[in-house]
Amino acid sequence: MDSRTDITRAVIVWVVLAIVADLLIGFLLAPHMPPGHFSNTASDQTEINNILALILTPIGLGVVTFFVYALVSFRQPAGAIEDGPPLRGDRRLQLGWVGVTTTVVIVLAIVGTIELLQAPNSQAGSGAGGGQGASAISHPSGNPLQVQVIAQQWQFTYRYPQYGGVETFSLALPVGRTVEFHVTSIDAIHSFWAYQLGVKADAVPGADNVAFTTPEHMGLFEVRCAELCGLWHGYMYSRGHVLSSAGFSKWIAHAQIANAPATHYLPKYAHVYYPLPLQRGG
Amino acid sequence: MIVILLVAWYVVGYVISLPPTVPQASAAGVTNVTVQTVASYGRPPHPDWVSYLVKNESGQWVHSTIWKVPANSIVRVTVLQYDGQSGLRNPFLGQPRGVVGGTMTVNGKPLKVLNPDEASHTFTIPDLGVSVPLKGIADDAPNQCAVTPCTLGQAHYTITFEFRTGKPGLHRWQCFVPCAAGWLYGFGGPMQTVGWMDGFIKVV
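Residues numbered from 1 in each chain as written. Chains lettered and ligands numbered in written order. Predicted model: local features only at pLDDT ≥ 70, side-chain atom pairs only at ≥ 80, totals over all residues.

> Explain the overall build of chain A to me, please; I cannot follow it from the model alone.
Check the secondary structure of chain A and you find five helices and ten strands. By its C-alpha atoms, chain A is 85 × 50 × 30 Å across when sized along the principal axes. Across the 282 residues of chain A, 29% fall into the buried class. Counted over contacts in chain A with a minimum sequence separation of 6, partners at least 24 positions apart contribute 69%. (Helix = DSSP H or I, 4+ residues; strand = E, 2+ residues; numbered from the N terminus. Buried ≥ 20, exposed ≤ 12 C-beta atoms within 10 Å, placed from the backbone. Contact = placed C-beta atoms within 7 Å.)

Spelled out as structure tokens, the structure:
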């Protein structure tokens, strides 16, 4: 059997497997691809996850197919042990492989960069949902709702500077309005992960980490800490609510009244806090 | 096999290192829990660690932070607070929350919010939305407690509040003040060890 026949057979097997796999991904997996469509950020992440799956699965199958084919077809038969034929380079195959993989990487880089640079509340993009540091690469237009996420061992609290700086234990957001999260910590390093919203931003003491999203559906979403932060890290879990605009107005008004005694003692709103005592004694 | 043995050794070591579960007496739907917070336990293995102690059904002090209370009942907590003022890292926690009537008492007087600078600890059960700041004694208070169990004749505040337990479950509780003296930012040692400033409420 010559090498051309082997290559033809392996390519046929690979193409069939790749088509079947991509059809399964497209019709069965894609509709359930996490994190879903609860916000524009999550939708974009889901779309990119689908693109990655559709492109990378054939590549992975190609490697596995040729590997398995070689193991089966070119195995040493029982009996005498002798050297195989000498290997020679194939310039066309090498250039093809480098060219295809380079193209794939560049395309994915362009897709990711466009996603990062698009305005967070534009129809075209969402700003990726990750923490962008204190100076965000892309800014939304209009008047986003600012929510400060304050991490501490071991609970998140939330501050709303546009509503008198009130702080709350629970997180509520209005549907359809862009949210500008300012994530920080007052002790160790944590990570604010609002899973269904597609938002994940590190909470670092003395740092302001900005992330954007626009909730598109009402309901509950999970909030977890995604950075190992001590004894009760695993318990640093809660649920947030996306409410109607009227429901949010009612909720924040109630929060302002209920938390008024504590609000009186809160420090002036700032993007970072350096609470004392830094080192407790006794 | 070695890995399995190491994992088993770790799990068994963790379980037997937990403090005992202390059931709390209940009558007419109300469970009384009496605890004390002390600046230093005063005994081995960590005599200088800040800690909680709890009274058992016989009225004896037990060094444990795992307490068992009935479901769907009211828990009436009395805290004898012997530790000094160190301040809340987050002043938001100066307001009692998740407690019956939205208030606590300090030496018999109702209090809606505590000056964050005067706090010594908090008693917080995040799952149940319960968070209560505990007022600390003044630095120059006379007759301060050094060795547990502290007595009523020593400087302290008596803090009371009530909360509802709800359905059965296991809930962690903790102090939110970085109160571990000598540890970086006050968050090591007793703040990271069940039996000292962290524990469980077993609602059964």
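The rest of the description comes next.
> What is the right way to read the confidence of the model for chain B from this model?
The predicted coordinates ought not to be read in detail in places where the model reports low pLDDT. Residues and elements named next belong to chain B. Residues of chain B with pLDDT of at least 70 account for 99%, and the chain-wide mean is 90. Taken element by element, chain B is modelled with least confidence in helix α1 (residues 2-17), mean pLDDT 78, and with most confidence in strand β12 (residues 157-164), mean pLDDT 96. Across the interfaces of the predicted complex, the ipTM metric reaches 0.87, alongside a pTM of 0.86. (pLDDT = per-residue confidence, 0-100.)

> Help me out: how do you make sense of helix α2 (residues 40-73) of chain A in this one?
Counting along an α-helix, one turn takes 3.6 residues, and residues three or four places apart therefore face a common direction. All names here are of chain A. With 34 residues, α2 should cover 50 Å at 1.5 Å per step; its first-to-last C-alpha distance of 49 Å lies within 8% of that length. Its axis deflected by about 25 degrees at Leu56, α2 carries its strongest bend there, up to four residues before the proline Pro58. If you check which residues of α2 are buried, you get Asn40, Thr41, Ala42, Asp44, Gln45, Thr46 and Thr65. If you follow the buried residues of α2, they end up packed against α1 (3-29), α3 (91-117), β7 (199-203) and β8 (209-213). (Expected span 1.5 Å × (residues − 1). Bend = angle between axes of the 7 residues up to and from the residue.)

> For this particular structure, what's the right way to read the environment of Trp196 of chain B?
Residue and element names in this part refer to chain B. Turning to its location among the elements, Trp196 is positioned in the loop between β13 (169-174) and β14 (198-203). Since 22 C-beta atoms lie within 10 Å of it, Trp196 is described here as buried. Along the primary structure Trp196 and His63 are separated by 133 residues, whereas in three dimensions their C-alpha atoms are 8.1 Å apart. Not counting residues within four places of it along the chain, the set of residues in contact with Trp196 comprises Trp49, Val50, Ser51, Thr65 and Pro190.

> I tried to follow the sheet that holds strand β5 (residues 179-185) of chain A on my own but got confused; where do I start?
Hydrogen bonds along the backbone pair up the strands of a sheet, which may run parallel or antiparallel. Residues and elements named next belong to chain A. As summarised here, the arrangement of the five strands in space is β3-β2-β1-β5-β8, forming an open sheet in which the pairing is mixed. Both edges of this open sheet fall to β3 (166-168) and β8, since each of them pairs with a single strand only. For this sheet the average axis-to-axis angle between neighbouring strands, irrespective of direction, equals 25 degrees. (Pairing = 2+ DSSP bridges. Axes fitted to C-alpha atoms, helices over the stretch in contact; angles between N-to-C directions.)

> So what exactly am I meant to see when it comes to the packing of α2 of chain A against α3 of chain A here?
Helix-helix packing is characterised by the crossing angle of the two axes and by the distance between the axes. Residue and element names in this part refer to chain A. Interaxial distance between α2 and α3 falls to 12 Å at its minimum, and their mutual angle equals 180 degrees. Considered as vectors, α2 and α3 are oriented roughly antiparallel to each other. Between α2 and α3, the contacting residues are Asp44, Ile48, Ile51 and Ile55 on the first element and Val104, Val111 and Glu115 on the second. Classifying every residue of the contact of α2 with α3 gives five nonpolar, no polar and two charged. (Parallel < 35°, antiparallel > 145°, perpendicular 65-115°, else oblique. Nonpolar A, V, L, I, M, F, W, Y, C, P; charged D, E, K, R; others polar.)

> Help me understand the sheet that holds strand β9 (residues 219-225) of chain A, please; the structure alone is not making it clear to me.
All names here are of chain A. The strand order across the open sheet built from five strands is β4-β10-β9-β6-β7, with neighbouring strands paired in mixed fashion. Where the open sheet ends on each side, the last strands, each with one partner, are β4 (172-174) and β7. Across the sheet, the mean angle separating the axes of adjacent strands is 25 degrees when strand polarity is ignored. Running over the sheet, helix α4 (residues 245-258) touches β4 and β10 (237-243) and is turned about 140 degrees from β4.

> How should the confidence of the model for chain A be read in this particular structure?
Residues with a pLDDT of 70 or more make up 93% of chain A, whose mean pLDDT is 88. Summarising per-element confidence for chain A, the mean pLDDT is lowest in α3 of chain A (88) and highest in β4 of chain A (97).

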